[in-house]
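# Coordinate analysis (summary)
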Amino acid sequence: MPRAVSKRSEKGLEKKPWKLLLWTAVAGLIFGLIGAGEYFEDMLRVARNSFHEHDASGQVVVIKVDDQSLRQYGNWPWPRRMQGQLVDRLTAAGTKQIVYDINFSFPSNPADDRVFAQAIERSGRVTLLTRSRLGPNDGKRIDSLPLPMFARHAQLGVSSVEYNWENAVWRLPYAATIHGQTVPSFAAAMAGAKGSPGSNFFLDYSLKLQSIPAYSAGDILSGKVGAKELAGKRVIIGVASELLGDGYFIPGYGRSYGVYVHAYGAETLVEGRPVDLGWFPGFLLGLIAVAIALLRRRSIEALVAMSAATAALVVAPAFTEAHLIFADVTPGLFVLLVVASVLGWRKYRARGWVNSISNLPNLNALRAHQEGRSQALVAARILNYEEIVATLPSDGERQLVEQIVSRLKVGSPNRVLYQGDAGIFAWFEAPQQPFGNHLEALHALFRNPARVAGLSIDLTISFGVEVGSGRSIANRLASALVAADEAAHDGLKWKYHDPETLETASWRLSMLSQLDEAIDRGEVWVAYQPKLELGSKRIIGAEALARWTHPEKGPIAASEFVAAAEQHNRIGKLTDFVLEQAVGAAAAINKRGVEFEIAVNLSARLLTDKGFTLRLAAMLARHSLPARHLTLELTETAALTNSGEGLEMIARIRDLGVNIAIDDYGTGLSTLDYLKKIPANEIKIDQSFVKGIADNRSDRLMVQSTIGLAHSLGRKVVAEGVEHRDILELLIEMECDIAQGFAIGRPMSLDSLTKRLASDRKRSAA
Ligand code: C2E
Ligand code: MG
Ligand code: MG
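Quick notes on the rules
- Residues numbered from 1 in each chain as written.
- Chains lettered and ligands numbered in written order.
- Predicted model: local features only at pLDDT ≥ 70, side-chain atom pairs only at ≥ 80, totals over all residues.
- Heavy atoms only, no water.
- Donors = N, O, S within 2.8 Å, 3.2 Å for Na, K, Ca; no water.
- Near = heavy atom within 4 Å.
- Polar contact = N/O pair within 3.5 Å; in protein donor to acceptor, adjacent residues only side chain to side chain.
- Helix = DSSP H or I, 4+ residues; strand = E, 2+ residues; numbered from the N terminus.
- Buried < 20%, exposed > 50% of the residue type's maximum accessible area, 1.4 Å probe, protein only.
- Contact = heavy atoms within 4.5 Å.
- Pairing = 2+ DSSP bridges.
- Right-handed = clockwise from strand over helix to strand, strands pointing away.
- Domains from an automatic or database assignment.
- Salt bridge = Lys/Arg side-chain N within 4 Å of Asp/Glu carboxyl O.
- Core = buried A, V, L, I, M, F, W, Y, C linked by side-chain atoms within 4.5 Å.
- Axes fitted to C-alpha atoms, helices over the stretch in contact; angles between N-to-C directions.
- Parallel < 35°, antiparallel > 145°, perpendicular 65-115°, else oblique.
- Nonpolar A, V, L, I, M, F, W, Y, C, P; charged D, E, K, R; others polar.
- Phe/Tyr/Trp six-rings, centres within 6.5 Å; stacked < 30°, edge-to-face > 60°.
- Left-handed = near helix turned anticlockwise from the far one by under 90°.

## Structural notes on the coordination of the magnesium ion (ligand 3)
For the magnesium ion (ligand 3), the full set of protein donor atoms is Asp663 (OD), Asp664 (OD), Glu720 (OE) and Glu720 (OE), at a range of 2.0 to 2.5 Å. Of note, the donors binding the magnesium ion (ligand 3) are all from one chain and are spaced D-D-x55-E. The metal-metal distance between the magnesium ion (ligand 3) and the magnesium ion (ligand 2) is 4.3 Å, with aspartate 663 coordinating both.

What follows is the structure, encoded as structure tokens:
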């Protein structure tokens, strides 16, 4: 099974890889060009910043015209004479640079303006705001410059910023051209960094906001803050009150003011010169990873390449950004996400909804088909499907299914067929349809053998119909299948599901009392499951398994009624019945000159039945079957090792010449001591271990060591529950003697077994 699954998923990967790659690349380019990932990109940056959060240099100080200053010195705008006082105070405190993030492009009271102009001249270290903006209507640039009387003795700095949807500024310009003159941005001016107009840089928001020193303008004017805090610093003055606007969003912190944005810019440039790689390198990385995933054949490589690229895109910038190297990653993540979703979706489809052999929708799809609720449901079962498939060459199953499907579509080419495992097909029909004629015609089509790889194959099919009962589709499907099985058992071509059989109340209780009568009425029959000798590749025998087809309940699993019968000491009659049938069948086959051995399950409880050996000997004599052709399979034999009685009985059975097998080996006690004590000829390893040998190391060890141990004691090993060919191959490698399971053949009627033996012989003779 695991092997089949991985093959399927790899098929999913190969489907038109170039086309998907090309579309993904185009979509990713568009995504990158329009910046579609901006929101997510910002969130990622903020998250990464928290990994290398650190303090600012402290060289840049913010002076805030805040609510406190307004309470102290009156409403805004303050008379310019006060700005003059502020400049004087800051100059006296020994600041290195005084930057005004405040617009002085219009005149006010001439006397005040004069005082301010004189203070600027006295200070000689003032930088004033200028900006260049697109006009609201005509798209022309409007430059605003400070009044010439202020500008004469001041430097100029550009305050323009570009903000995004959340009013955050991620990049600042180095400079701008104003009236033909190159003017540095506030940030560049404060950090002394050079850069051409139009070029910009990334802000380092991993600096802690609280680590940028900030004082209220009122406290400067009142002399509370002075040289101690300000000497040698570059200060930037700006409004910081909700009343005055200029609000900006500081990523990772929240609402703040434009003056802080410039302070961040200056601090960033003090740290170094940021490099912005843009979105293309990340996009390229994502694209390379998806190209590997799509063009290589193995799904593990796809997984590794895409996970590695995703991890790199998410984590790597956290390290580079600590060194001021910035990159956008969402276009890269976008292409990875697109391809991962497409591959995942294909895999999901391949696993969940489509039969991998025929590409028909499977039974999961049928169960999910809501429109089917009001329609009739027809189920068809190819009764000997597994048997046939087990004998076909590797591509044979697909060819076989094609032929089955084309027959089922005769007369209704647009019919949507659903295919399950093990030869099950189903479809919906209009509910009022007279089904009889149609299904009989279909049945007749299956009388002609199918031809696959030069082999002529007889197909046995039966149909079950559920006309619609308002139950879930899953339940209705199960009922239709039961009806199909009943039809097969009753020798009919098709059968309606009878809703009355649904009542299951007290069924289990009445089951036991019905079993004896059921045997008399002929409802109990024996199925034969072939056993394959791995050395000679020959069917050398079969296990007889009890089957009860209840007239109302349909087929009942042996595991269900056998256990119940055992617990209530009612197993005797059933065992006698099965033995009689099985021994008779084996005798008949052997008489035709085919060496054939039959295995019958024997409940350990019967080992206390003194008369059993006598009855057994008589039965063998009556059918004249040599005792060596019969094997009795015992489970729960562990309990026997302590009871002399049971062991004695086994010894007597061996004396008759009948073989003993230990069934379900491995599920109970399985010590060397135990193996030696039970004089068995054969050990049947329980299916739970056999199923695991392809991908479970401890199961493989268990099976391998049991084979070695059994061989050293001169016993044969049978592997039960072999469902897949790859398991069969492994068992051959492990030198197991005999295999039994669905891969070789399901339990079948005596008729089917006889046919199977004949066709096997023909093939080996050919
Ligand atoms: P068991 O003797 O171990 O028989 C093998 C069981 O495994 C059978 O189930 C068979 O149908 C199933 N089987 C065979 N190959 C495969 C496979 O490849 N995959 C899977 N999943 N299953 C496989 P069944 O017929 O339901 O019988 C269950 C148990 O009931 C038997 O286990 C046996 O212990 C008991 N039993 C059956 N018939 C009789 C009987 O006549 N007398 C007694 N005393 N016990 C019986
Ligand atoms: Mg058995
Ligand atoms: Mg078993």
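Read on for the rest.
## Things to note about the site of ligand 1
Taken together, 23 residues surround ligand 1, and among them Gln529, Asp663, Gln687, Glu723 and Phe742 come closest. Contact between ligand 1 and arginine 547: an oxygen atom at 2.8 Å from a side-chain N or O atom of the residue. A distance of 2.8 Å separates an oxygen atom of ligand 1 from a polar atom in the side chain of glutamine 687. Ranked by the residues each element gives to the shell around ligand 1, the list is headed by strand β24 (residues 538–550), at four residues.

## Here we look at the side chain of asparagine 384
The topology assignment puts asparagine 384 in the loop between β16 (376–382) and α16 (385–391). Given the relative accessible area of 13%, asparagine 384 is considered buried. Aside from chain neighbours lying at most four places away, what touches asparagine 384 is Asp458, Leu459 and Thr460.

## Notes on the pairing of strand β30 (residues 716–719)
When strand β29 (residues 682–685) meets β30, the two strands line up parallel, connected through four bridges. By the bridge assignment, isoleucine 683 is partnered in β30 with valine 717. Here β30 pairs with strand β31 (residues 738–740) via two bridges, running parallel. When the sheet's bridge partners are listed, alanine 719 is paired in β31 with alanine 739. Between the parallel elements β30 and β31, the chain passes through helix α28 (residues 725–733) in a crossover that is right-handed.

## Examining the domain arrangement of the protein
Split into domains, the protein comes out as domain 1 (14–35 + 279–349), domain 2 (60–273), domain 3 (363–497) and domain 4 (510–761). For domain 2 versus domain 3, the distance between C-alpha centres works out to 82 Å.

## Regarding the coordination of the magnesium ion (ligand 2)
Looking at the metal site, the magnesium ion (ligand 2) is ligated by Glu543 (OE), Asn601 (OD1), Glu633 (OE) and Asp663 (OD), spaced 2.0 to 2.3 Å from it. Each donor residue of the magnesium ion (ligand 2) belongs to the same chain, with the gaps between them written as E-x57-N-x31-E-x29-D. Overall, the relative accessible area of 28% leaves asparagine 601 in the partly exposed class.

## Regarding the pairing of strand β21 (residues 461–466)
The buried fraction of β21 amounts to six of the six residues, a majority that puts the element mostly inside the structure. Taking every second residue as pointing to the same face, both faces of β21 are buried, with Ile461, Phe463 and Val465 on one and Ser462, Gly464 and Glu466 on the other. Both β16 and β21 contribute to a ladder of six bridges, which runs antiparallel. Bridge pairing links alanine 380 to phenylalanine 463 in β21. Where β21 and strand β22 (residues 494–496) come together, three bridges link them in parallel fashion. Residue phenylalanine 463 lies in a different strand from β22, and its bridge partner there is tryptophan 494.

## Description of the pattern of salt bridges
Evaluation of the coordinates by the stated rule reveals 31 salt bridges. The partner of glutamate 523 in a salt bridge is arginine 521, with the nearest N and O atoms 2.8 Å apart. Within the structure, one salt-bridge network assembled from shared partners comprises Glu543, Glu633, Lys684 and Glu720.

## Let's talk about unusual backbone geometry
Cis geometry marks the peptide bond from tryptophan 76 to proline 77, where omega comes out at -5°. Considering the arrangement of structural elements, one finds proline 77 in the loop between α4 (67–73) and α5 (80–92). Phi at asparagine 359 takes a positive value of approximately 65°, unusual for a residue other than glycine. Here asparagine 359 is to be found in the loop between α14 (330–352) and α15 (363–367).

## Side note on the nonpolar core
Leu630, Leu632, Ile653, Val722 and Leu731 are the most contacted members of the largest nonpolar core, which totals 79 residues. Ranked by residue count, the leading element in this core is helix α22 (residues 571–591), at eleven residues. Setting aside residues no more than four positions away along its own chain, leucine 731 makes contact with Leu534, Val690, Ile693, Val703, Ala719, Val722 and Cys736. If you look at the next biggest cluster of nonpolar residues, it comprises 37 residues, including Val161, Ala193, Leu209 and Ile236.

## Digging into the environment of glutamine 370
Position of glutamine 370 relative to the elements: it lies in the loop between α15 and β16. Glutamine 370 sits 168 residues away from arginine 538 along the chain, and the two C-alpha atoms are 47 Å apart.

## Some points on the packing of helix α12 (residues 280–295) against helix α13 (residues 299–320)
Their axes nearest at 8 Å, the elements α12 and α13 cross at an angle of 170°. On the basis of the axis angle, α12 is roughly antiparallel to α13. Contacts from Gly282, Leu285, Ala289, Val290, Ile292 and Ala293 of α12 reach α13 at Ala302, Ala305, Met306, Ala309, Ala312 and Leu313. When grouped by side-chain class, the residues that make up the contact of α12 with α13 number eleven nonpolar, one polar and no charged.

## Points about the packing of aromatic side chains
Going through the model one piece at a time under the given rule, you end up with 21 aromatic pairs. For the pair phenylalanine 104 and phenylalanine 150, a centre-to-centre distance of 6.0 Å together with 75° between the ring planes defines the contact as edge-to-face. A residue pair is termed long-range when its members are at least 10 positions apart, and phenylalanine 104 in the loop between β2 (97–100) and α6 (110–123) and phenylalanine 150 in helix α7 (residues 148–151) qualify at 46 residues. For the ring pair tryptophan 494 and tyrosine 496, a centre distance of 4.9 Å and an interplane angle of 75° mean the geometry is edge-to-face.

## Quick word on the sheet that holds β22
Pairing within the open sheet is mixed, and its five strands lie in the order β17-β18-β16-β21-β22. Because the sheet does not close on itself, it has two edges, and the strands there are β17 (418–419) and β22. Contacts from helix α17 (residues 396–408) reach β16, β17, β18 (424–429) and β21 within the one sheet, and its direction differs from that of β18 by about 25°. Against the sheet, helix α18 (residues 435–445) makes contact with β16, β18, β21 and β22, and its axis sits at roughly 160° relative to β21, the strand it touches most.

## What about the packing of helix α23 (residues 612–623) against helix α24 (residues 644–656)?
Remark: α23 packs on α24, axes separated minimally by 10 Å, with the N-to-C direction vectors making an angle of 15°. By the criterion of interaxial angle, the relationship of α23 to α24 is roughly parallel. Of the two possible hands of crossing, α23 and α24 adopt the one that is right-handed. The residues of α24 that touch α23, namely those facing Phe612, Thr613, Leu616 and Ala617, are Met649, Arg652, Ile653 and Leu656. Across the contact of α23 with α24, the residue classes tally to six nonpolar, one polar and one charged.

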